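# Residue-level structural notes
What follows is each chain in one-letter form.
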Amino acid sequence: ILKQVQNEIKVLRGLMENQMLNPAWTKLQPRKTMRAELLKRLIRLGLSSDVCSLVMSDIDSDAAEEIAWLTAINKLVNKIPTRTDEHFKEAGVVALLGLSGVGKTTPLAKIASRFAIKHGSNRVRIVTTDNCRIGAQQQLKEYAKILGVSMQLVQGSSDLEDVVNTSAANELILIDTPGAHIRHVNTHRQFGFLMHSSINIKSYLVLAATAQRSDLEEFTHAFGAMQLAGCIITKLDESTRLGGVLSVATTRGLPIVYVSQGPRVPEDLQIAEAANLVEQCVNLAHYKKNQIADDRLALEFGESGNDLTN
């Protein structure tokens, strides 16, 4: 009997903690308001609480649910930062940075292929600073051979500067960097040659759409000291939810330049368009139709519930 009473007390304590974590949500939910249902639909997209709050602001609480939904989706499209690929259309030095396994090599080859088709293979140069992964070097060599472009391995900033100084002014130099590890990202140690180089380097993060939002947030936060030109989203065709990567790009202010969703070079690399990304995001959520539990919402929105209920 004592054990049964203890278990009941434990259950009651858990319920009370959930209620106390978010008074705003517990106040909102019983009323089954439009905003509560709208919030659930946005959460199904995989969006963060910050982005949900952003797109739900200024939406009339008395509006019909579908009107509110369309308004929120339009606001989401307008909030997602995108940028044209001007840095990949002209000569210069571009570096791609990302976690191990995000697929940096394939978009790099696709970008090189596009530039070579338009301007000639003699105006593209691939440089790798990854002297650890032999497989990655071999893959780049194969791509370079197929595209008819040169490839070089450099050891540091001085080698990189030598390559740039001996290159023609109209060349596009694409730098493939070693894959970072989520728990051991040290930008000064791993990418110091980019941060402190005298060369004007445009650095782009490569973010996998399949990664968890928490990992993406931790990774992008590690690059807070770097001047980033934007990001490229990979593995779009393998992801079941796009809200995470879209949330990170939005809250971090990282313009999305390209999306990669397949192995073909260069066909499966498209210029990022916010409307298309949101459409894919909504379609995936509709296909999956995952249910959002009220207690999960209470936990996740413990700090932002007040904003969401207004």
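A few points on the structure.

What counts, and where the lines are drawn
- Residues numbered from 1 in each chain as written.
- Predicted model: local features only at pLDDT ≥ 70, side-chain atom pairs only at ≥ 80, totals over all residues.
- Heavy atoms only, no water.
- Phe/Tyr/Trp six-rings, centres within 6.5 Å; stacked < 30°, edge-to-face > 60°.
- Buried < 20%, exposed > 50% of the residue type's maximum accessible area, 1.4 Å probe, protein only.
- Lys NZ or Arg CZ within 6 Å of the ring centre and 35° of its normal.
- Axes fitted to C-alpha atoms, helices over the stretch in contact; angles between N-to-C directions.
- Helix = DSSP H or I, 4+ residues; strand = E, 2+ residues; numbered from the N terminus.
- Parallel < 35°, antiparallel > 145°, perpendicular 65-115°, else oblique.
- Left-handed = near helix turned anticlockwise from the far one by under 90°.
- Contact = heavy atoms within 4.5 Å.
- Nonpolar A, V, L, I, M, F, W, Y, C, P; charged D, E, K, R; others polar.
- Core = buried A, V, L, I, M, F, W, Y, C linked by side-chain atoms within 4.5 Å.
- Pairing = 2+ DSSP bridges.

In this section: the packing of aromatic side chains. All chains considered together, the criterion is met by one aromatic pair. Measuring from ring centre to ring centre gives 4.9 Å for Phe219 and Phe223, while their planes differ by 70°; the resulting arrangement is edge-to-face. Exposure remark for Phe223: the relative accessible area of 1% places this residue in the buried category. Its end group placed over the ring of Trp69, Arg41 keeps NZ or CZ at 4.2 Å from the ring centre.

Below, the discussion takes up the packing of helix α3 (residues 34–44) against helix α4 (residues 49–56). Axes are the key here: two packed helices are described by the angle between their axes and the distance separating the axes. Orientation of α3 relative to α4, taken along the N-to-C sense of each, is 135°, at an axis distance of 10 Å. Classified by the interaxial angle, the pair formed by α3 and α4 is oblique. Of the two possible hands of crossing, α3 and α4 adopt the one that is right-handed. Residue-level contacts link Arg35, Leu38, Leu39, Leu42 and Ile43 of α3 to Cys52, Val55 and Met56 of α4. Of the residues assigned to the contact of α3 with α4, the class counts are seven nonpolar, no polar and one charged.

One finds Leu42 and Ile256 to be the most contacted residues of the largest nonpolar core, which totals 82 residues. Aside from chain neighbours lying at most four places away, what touches Leu42 is Leu47, Cys52, Val55, Met56, Trp69 and Ala72.

Overall, mixed pairing links the eight strands, which are arranged β3-β2-β4-β1-β5-β6-β7-β8 in an open sheet. Of all the strands in the sheet, the pair left with one neighbour each is β3 (150–153) and β8 (269–271). With strand direction ignored, the average angle separating the axes of adjacent strands in the sheet is 25°. Across three bridges, strand β7 (residues 256–260) lies against β8 in antiparallel orientation. Note on β8: the bridge partner recorded for Val259 is Gln270. Contacting β1 (92–98) and β5 (201–208), helix α11 (residues 213–222) crosses the sheet at an angle of about 165° to β5. Sheet contacts for helix α12 (residues 243–252): β5, β6 (228–234) and β7; angle to β6, the most-contacted strand, approximately 175°.

Moving on to the pairing of strand β4 (residues 172–176). For β4, the tally of buried residues reaches five of five residues, placing the bulk of the element in the interior. What you see with β4 is no split at all: Leu172, Leu174 and Asp176 on one side and Ile173 and Ile175 on the other are buried throughout. Two strands pair when backbone bridges link them, and β1 and β4 are joined in this way by five bridges, in the parallel orientation. Residue pairing in the sheet places Leu96 in a bridge with Asp176 of β4. Note that strand β2 (residues 124–128) and β4 share five bridges and pair parallel. Along β4, the bridge assignment pairs Thr128 with Asp176.

You can see Gly243 is positioned in helix α12. Sequence-distant contacts of Gly243, that is, excluding residues within four places in its chain, are made with Leu45, Gly46, Leu47 and Cys281.

Another point: α12. In terms of burial, α12 is largely enclosed, as eight of its ten residues are buried. Among all positions of α12, only Gly243, Gly244, Val245, Leu246, Ser247, Val248, Ala249 and Thr250 are buried. Phi turns positive one or two residues past the end of α12, at Gly253, with a value near 65°.

Remember that the coordinates give geometry; whether it matters functionally is a separate question.
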